Amino acid sequence: MAGKGQHVAVLMGGWSSERPVSLATGEPCADALESAGYRVTRVDVDRSIAQTLSDLKPDVAFNALHGPFGEDGTIQGVLEILDIPYTHSGVMASALAMNKDRAKVVMAAAGVPVAKHRLTTREQAAKSHVMVPPYVIKPVAEGSSFGVLIVSEDMEHPPQELFRSDWPYGDDLMAERYVAGRELTCAVMGDVALGIIDIVPQGQAFYDYDAKYADGGSEHILPADIPSDVYARIQSYSLAAHQALGCRGVTRADFRFDDQPMGTGELICLEVNTQPGMTPTSLVPEIAAHAGHSFEELVSWMVEDASCQR
């Protein structure tokens, strides 16, 4: 446990496709921790990170990394070896949540509803429909909606983007049945499920990268205007998924709720994000503020919650 005045290394940047998001997350977190009285070192992570941290000897690492290496258990393993307490989830939970296929198996076993899916390769997904449309194609282990493609019912062929020679998101993909309706998200802080935001993308077909991070990219309705029983179920499912995956600290669970006039009323969990964004437009700080936690209090709590799995 770190007290105020202790040395916190804020890990940001890295080399994944989510580097810009990580930098946008890390800076406000570092600023807030300094305001809270911590001694902060900003670390732009590269492949010499183990030596950098060995030299710095921080009391705590605040993990503001996103994407592969940052949220897949890899940096968590480095921090375990160095015996540096760190924020967010540990090695196993991070690796498990990052793998969308395996995470869904664990969540379903815990009673959390998920959509039908199948694993595929980019070659297979590009040649012909791997599911009856509509469905969604996702990289198995990416974040920030990178590489996500929606295949609508009127598409005779899969998206041609899959044929790109410069496709950067790997060849292991997941096809998931498309669920229409609202995009909802719920934050978990420790063992408490906080509020729920209804995300309304502005000008985008779904909550893609621009909707997540561009100014005005989406409207956030908090608390979400949904039936009270659905609200409670989402909170319950979010905490159940967080616990089933073995997460700690702060996570965010994303849902689809089909409440359209001719909809089915179906509610499914898309995924759990173990490294939710902490940018000025991010969801978790907004949800935490609604629950009475300022941004400074939120990141301070995350530092105080930091630990190793030892």
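Nothing here was measured: the structure is a model prediction, and the numbers come from that model.

### Re the overall build of the protein
Within the protein one finds 10 helices and 12 strands. Relative to the 2.2 N^0.38 estimate, which gives 19 Å for 310 residues, the radius of gyration of the protein is 19 Å and therefore close to what a compact globule would have. Dimensions of the protein, computed from the C-alpha atoms along their principal axes, are close to 60 × 45 × 35 Å. Here the protein holds 310 residues, and the buried ones make up 54% of them. Across the protein, the fraction of contacts at a sequence separation of at least 24, relative to all contacts at a separation of at least 6, is 69%. Looking at the protein as shown, the accessible area adds up to about 13,000 Å², and 52% of this sits on carbon and sulfur atoms.

### Here's the deal with helix H10 (residues 295-304)
Three or more residues of H10 are buried, namely Leu298, Val299, Ser300, Met302 and Val303. Contact partners of the buried residues in H10: strand E1 (7-13), helix H1 (19-35), strand E3 (60-63), strand E8 (182-189), strand E11 (250-257) and helix H9 (283-290).

### Focus on the nonpolar core
Counting residues in hydrophobic clusters, the biggest one holds 29 residues, and the most contacted among them are Val8, Val10, Leu33, Phe62 and Leu298. Looking at this core, the elements with two or more residues in it are E1, H1, E3, E8, strand E9 (192-201), H9 and H10. In contact with Phe62, other than residues within four places in its own chain, are Val8, Ala9, Val10, Leu11, Cys29, Leu33, Thr87, His88, Val299, Met302 and Val303. With 26 residues, the next largest nonpolar core counts Ala103, Cys186, Leu267 and Cys269 among its residues.

### Re the packing of aromatic side chains
On inspection of all chains with the given rule, the structure shows two aromatic pairs. Between Trp15 and Phe69, the ring centres sit 4.6 Å apart and the planes meet at 35°, which makes this aromatic pair tilted. Of this pair, Trp15 sits in the loop between E1 and H1 while Phe69 is found in the loop between E3 and helix H3 (74-82), placing the two residues 54 residues apart along the sequence. Trp15 sits in the partly exposed class, given a relative accessible area of 34%. Here the aromatic rings of Trp167 and Tyr169 are separated by 5.2 Å at their centres, their planes lie at 90°, and the arrangement is edge-to-face. Taking NZ or CZ as reference, Arg248 lies 4.7 Å from the ring centre of Tyr86, over its face.

### Some thoughts on unusual backbone geometry
Between Pro133 and the following residue, Pro134, the backbone shows a cis peptide bond with an omega angle of 5°. By the secondary structure assignment, Pro134 is in the loop between helix H6 (122-127) and strand E5 (135-139). Although it is not a glycine, Lys57 adopts a positive phi angle of roughly 55°. Of note, Lys57 is situated in the loop between helix H2 (49-56) and E3. By relative accessible area, Lys57 is classed as exposed at 63%.

### Looking at the side chain of Ser89
Secondary-structure assignment places Ser89 in the loop between H3 and helix H4 (91-98). At 3.2 Å, the side chain of Ser89 and the backbone nitrogen of Arg248 are in polar contact. Excluding residues within four positions of it along the chain, Ser89 makes contact with Gln76, Ser94, Cys247, Arg248, Thr251 and Thr274.

### A closer look at the pairing of E9
Burial within E9 is extensive, with seven of its 10 residues counted as buried. Bridge count between E8 and E9: six bridges; the pairing is antiparallel. Within the sheet, the bridge partner assigned to Val188 lies in E9 and is Ala193. Linking E8 to E9, which pair antiparallel, is a turn of two residues; within it Gly190 sits at a positive phi near 70°.

### Focus: the sheet that holds E3
If you walk across this open sheet you meet the three strands as E2-E1-E3, and the pairing is parallel. Looking at strand neighbours, the two that pair on one side only are strand E2 (39-45) and E3, the edges of this open sheet. Averaged over neighbouring strand pairs, the angle between their axes works out to 25° when direction is ignored. One ladder, built from four bridges, connects E1 with E3; its direction is parallel. The residue bridging Val8 from the neighbouring strand is Val60, located in E3. Packed on one face of the sheet, H1 meets E1, E2 and E3 and runs near 160° to E1.

Reading guide: rules and limits
- Residues numbered from 1 in each chain as written.
- Predicted model: local features only at pLDDT ≥ 70, side-chain atom pairs only at ≥ 80, totals over all residues.
- Heavy atoms only, no water.
- Helix = DSSP H or I, 4+ residues; strand = E, 2+ residues; numbered from the N terminus.
- Rg over C-alpha atoms; globule rule 2.2 N^0.38 Å.
- Buried < 20%, exposed > 50% of the residue type's maximum accessible area, 1.4 Å probe, protein only.
- Contact = heavy atoms within 4.5 Å.
- Areas by Shrake-Rupley, 256 points an atom, 1.4 Å probe, with all protein chains shown as cover.
- Core = buried A, V, L, I, M, F, W, Y, C linked by side-chain atoms within 4.5 Å.
- Phe/Tyr/Trp six-rings, centres within 6.5 Å; stacked < 30°, edge-to-face > 60°.
- Lys NZ or Arg CZ within 6 Å of the ring centre and 35° of its normal.
- Polar contact = N/O pair within 3.5 Å; in protein donor to acceptor, adjacent residues only side chain to side chain.
- Pairing = 2+ DSSP bridges.
- Axes fitted to C-alpha atoms, helices over the stretch in contact; angles between N-to-C directions.

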